[in-house]
Each structure stands twice: as C-alpha cells, then as structure tokens.
Amino acid sequence: ALLYIPSHVPYNLYSDSYEKGLQLYSKGVFIKEKCEELVPDYLKFVKGLVDSPDFNLNISREILQQSPMMRKIADNVEKKIISKLNDTKKNDFDKYLAFWKNFGEHIKYGIYSTYGAKKDLLQDLLVFHSLLNEDKYISLKEYVEKMGKEQKYIYYVSGESLESIKLLPQIEKYKRDNVDVLLLDQKIDEFAIMMLQEYDKKTFKSISDDSLEDLSEEEKKVIEDKTADNKRLLDTLTESLKGEVDSVIISSKLVDAPVCISTKDGLSLEMEKTLNEQPGSEGDVKAQKVLEINPNHPLFEAFSNIQEDDEIVKEYASILYDEAMLLEGREVKDKGEFVKKLNSLMLKALKK
C-alpha cells in the first residue's frame with residue numbers, strides 16, 4: 001500500500017459527489033479506480049493505492065465486497081494509518097495539529113459512527129482545548145496525568161465556540177479551584193464523548209449536568225439546608241417557569257454569576273440544538289433544563305426576603321430564566337417582554 005493524507009481538505013470532501021476509496025491493483029495491473037472497501041468512512045480523505053497479488057484480474061464488485069482477503073487488507077490499512085498518526089502525534093506534534101485541524105472531526109466521527117467499537121483504536125488521537133490550557137491542545141492522557149488525586153471525573157463543557165464557552169457561568173468554580181475542563185466547540189464532540197464513556201477508568205462528566213455527585217457531604221448539607229429554607233421561593237419559581245425548566249434549584253457551581261442553566265439525563269443544550277438541526281427533525285428534541293440560583297449572590301438574598309410575596313416572585317421569574325439563557329449564549333424567546341420587565345425594574349429603582 002502507498003498512502004498519503006492531503007495537506008488541505010479536498011474541496012468536495014463534504015459533498016455527495018465525493019468518492020472515497022483507494023486504487024486497487026493486482027500484480028501491477030489496474031483493477032479499480034476507487035475501491036471504497038479499502039478504507040472506512042471516517043478515513044475517506046486518505047488517498048493512495050493498494051497492490052495485491054491475491055485478486056483475480058476479472059474479479060467482480062460483489063466478490064470484492066464479500067472477500068475475506070479484502071476485509072483483512074482493509075483492516076491492516078486502517079491500523080497502519082492510525083499507527084502512523086499516533087507516531088506523528090508523539091514525534092511531531094505541530095505536524096499532527098495541522099492534520100487535526102483539517103480532519104480531527106473525522107476521527108471523532110469514527111468513534112461515534114461505530115458506537116464506540118473503535119474507541120480503543122482512536123481515543124489516543126483525540127486532542128482538545130481546555131480551561132487551564134487555552135493556548136494549546138492536550139490529549140486525554142495528558143488530562144488524566146494532571147488530574148488531582150481527589151478528582152473522580154474528566155470534566156467537559158460544550159458550546160458554539162471557545163469564546164462563548166469561556167463566558168459560561170459554570171466555568172467559574174472550576175477556574176477558581178484550578179480544575180481543568182475540556183472545552184468542546186464542535187458539534188460532533190459530545191456525541192463522541194458519549195461513545196467513549198470513560199478513559200483510563202475515569203468517567204466523563206459535563207459541568208452543565210445538574211448532579212451533586214462530586215460534592216462533599218458537608219457541601220451537600222449546605223445545599224439541603226438552603227433548599228429547605230427557601231422551599232416556597234423555589235416552588236414558586238418552578239411553577240412560574242413551567243414549560244421552560246424542569247425545576248429550580250440552589251446551585252453549587254456558581255461563584256459570581258447569579259444564575260445558570262444545567263440539564264438532566266446527559267442531553268445538553270448544545271446537543272439539543274444539533275439534533276434539532278438535522279434533516280427531517282421537527283424540533284421536538286428537548287433537553288430537560290434546570291435553573292440554578294447562586295445562594296451567595298445578592299439577587300438571591302433579595303428574592304429570599306420576598307419569597308412570601310408570590311406575585312412579585314412570579315412577575316420576575318422569567319427575567320432570571322432569560323438572564324441564564326443569555327449567559328449560555330442563547331436567544332431570549334420573547335425579547336419584547338424581557339425589555340418590558342427590565343424597564344419596569346429600572347423605573348422602580350429610579351423613582352426611589
């Protein structure tokens with residue numbers, strides 16, 4: 001086999017007209033121009049040829065597809081390509097990054113499209129930006145090696161761009177505690193992570209998840225007490241935002257921001273958006289959103305003091321939700337109503 005990876009993305013790689021495959025020869029005699037059986041879909045950008053003495057010159061397409069010899073050659077070609085990429089990543093990281101920026105999404109697709117069957121083969125090729133390594137890519141191996149002794153999970157967060165991800169309020173706690181977080185800014189990222197499930201016996205965990213699993217017993221007790229003391233407020237907010245959020249809870253994540261949105265059951269806002277953008281989708285994929293409120297923010301204290309006044313709490317519940325969505329980089333559903341309530345608040349403050 002003589003193979004190469006283009007230094008630039010082929011102009012028609014993502015079009016229906018693109019044909020993957022390697023040239024196939026037998027004893028130097030040309031058999032087929034594009035033998036697609038020789039490379040998997042996720043490596044469709046690879047060019048080259050294979051010359052094998054084991055094929056009949058008059059072999060049919062059907063026999064080629066069913067040939068055990070073809071499957072064995074294809075398997076060897078795939079492993080050789082991945083081995084070469086691993087060597088390049090280890091010995092010439094800058095050159096590997098040039099490849100990654102062009103074709104990294106295809107490697108992730110290889111993990112996702114095979115439902116994780118190829119994760120052991122491909123996982124060490126993955127590199128990511130992270131919270132504590134903004135200016136360079138790191139591998140999963142590097143992330144795990146730098147984890148603190150008490151850290152149980154490989155944390156990640158997703159968004160439309162690195163810039164928007166860095167502005168997410170959930171990031172604050174991890175930055176303060178010097179805990180690294182993988183920054184996933186491509187649509188395929190979370191789907192690949194779902195198929196990986198874990199790396200080096202460390203489970204992946206989204207910082208946008210509503211779980212309290214990684215809190216100490218003392219921290220959980222503080223949250224439980226705050227929740228009990230403000231049950232009426234949380235219930236009123238939850239009722240007011242019915243249809244928008246599944247629940248309103250006291251947050252353990254926030255440092256400076258007053259609110260944030262988390263999600264349940266592993267379906268993030270970014271995954272919701274990606275799935276609803278797929279052809280044939282009717283926009284019926286819905287993440288279960290949770291509104292989290294910072295118990296140490298002055299805004300929470302103000303709401304807590306008026307929690308007996310259900311009408312005022314209900315009146316401004318939507319502002320808290322819209323504010324959280326804006327911090328997530330999302331659109332406010334009813335901009336007119338949002339502006340109206342903001343103006344009302346400003347008028348009351350100015351009259352004082």
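Residues numbered from 1 in each chain as written. Predicted model: local features only at pLDDT ≥ 70, side-chain atom pairs only at ≥ 80, totals over all residues. Heavy atoms only, no water.

Caption draft 1: Summary view of the sheet that holds strand β3 (residues 29-35). Spatial strand order, β1-β4-β2-β3: four strands in an open sheet with mixed pairing. Where the open sheet ends on each side, the last strands, each with one partner, are β1 (2-4) and β3. The sheet shows a mean angle of 20° between the axes of neighbouring strands, direction not considered. Note that strand β2 (residues 22-26) and strand β4 (residues 47-51) share three bridges and pair parallel. Residue Leu 24 lies in a different strand from β4, and its bridge partner there is Val 50. (Pairing = 2+ DSSP bridges. Helix = DSSP H or I, 4+ residues; strand = E, 2+ residues; numbered from the N terminus. Axes fitted to C-alpha atoms, helices over the stretch in contact; angles between N-to-C directions.)

Caption draft 2: Up close: the pattern of salt bridges. Summed over all chains, the structure comprises 20 salt bridges. Here Glu 217 makes a salt bridge to Lys 220, at a shortest N to O gap of 3.9 Å. Of the two residues, Glu 217 and Lys 220 both sit in helix α9 (residues 217-229), three residues apart, roughly one turn of that helix. Between Lys 333 and Glu 244 there is a salt bridge, with its nearest N and O atoms 3.0 Å apart. Of this pair, Lys 333 sits in the loop between α13 (310-327) and α14 (335-351) while Glu 244 sits in the loop between α10 (231-240) and β11 (247-250), placing them 89 residues apart in sequence. According to the relative accessible area criterion, Lys 333 is exposed, its value standing at 69%. Given the relative accessible area of 23%, Glu 244 is considered partly exposed. One salt-bridge network, held together by shared partners, links Arg 232, Glu 308 and Asp 310. (Salt bridge = Lys/Arg side-chain N within 4 Å of Asp/Glu carboxyl O. Buried < 20%, exposed > 50% of the residue type's maximum accessible area, 1.4 Å probe, protein only.)

Caption draft 3: Quick look at the sheet that holds strand β5 (residues 127-130). With mixed pairing, the six strands of this open sheet are ordered in space as β6-β5-β8-β7-β10-β9. What marks the edges here is a single partner per strand, and that holds for β6 (133-139) and β9 (198-199). Where β5 and β6 come together, three bridges link them in antiparallel fashion. What sits directly across from Val 127, in β6, is Ser 139.

Caption draft 4: Structural context of helix α3 (residues 93-113). Taking 1.5 Å per residue as the helical rise, α3 with its 21 residues ought to reach 30 Å, whereas the 26 Å between its terminal C-alpha atoms falls clearly short. Within α3, burial applies to Tyr 96, Leu 97, Phe 99, Trp 100, Phe 103, Gly 104, His 106, Ile 107, Lys 108, Gly 110 and Ile 111. In the core, the buried residues of α3 are packed alongside α2 (68-91), α4 (119-122), β5, β6 and α8 (189-196). (Expected span 1.5 Å × (residues − 1). Contact = heavy atoms within 4.5 Å.)

Caption draft 5: Spotlight on the packing of α2 against α3. Put simply, α2 and α3 touch, their axes get as near as 6 Å, and they point 130° apart. Classified by the interaxial angle, the pair formed by α2 and α3 is oblique. Along the contact surface, α2 presents Leu 85, Thr 88, Lys 89 and Asn 91, while α3 presents Phe 93, Lys 95, Tyr 96 and Phe 99. Looking at the contact of α2 with α3 residue by residue, the classes come out as four nonpolar, two polar and two charged. (Parallel < 35°, antiparallel > 145°, perpendicular 65-115°, else oblique. Nonpolar A, V, L, I, M, F, W, Y, C, P; charged D, E, K, R; others polar.)

Caption draft 6: Layout of empty space enclosed by the protein. According to the stated counting rule, one finds four cavities of 30 Å³ or more in the structure shown. Reported here for the largest cavity is a volume of approximately 110 Å³. Lining the largest cavity are 16 residues, with Ser 158, Ser 208, Ser 268, Leu 269 and Glu 328 positioned closest to its centre. Of all the secondary structure elements, the ones that give two or more residues to the lining of the largest cavity are β7 (153-158), β12 (259-263) and α11 (269-276). A breakdown of the residues in the lining of the largest cavity according to their chemical character gives five nonpolar, seven polar and four charged. Estimates place the volume of the second largest cavity at around 60 Å³. In terms of lining, the second largest cavity is formed by Lys 173, Tyr 174, Lys 205, Ser 206, Ile 207, Asp 209, Ser 211, Asp 214, Leu 215, Ser 252 and Lys 253. The set of elements that each furnish at least two residues to the lining of the second largest cavity consists of α7 (171-176) and β10 (202-206). (1 Å grid on protein atoms, 1.4 Å probe; cavity = no way out; pocket = protein on both sides within 12 Å on 5 of 7 lines; lining within 4 Å. Points joined across faces, edges and corners; volume = space filled by probe spheres on them.)

Nothing here speaks to function; it is all geometry.
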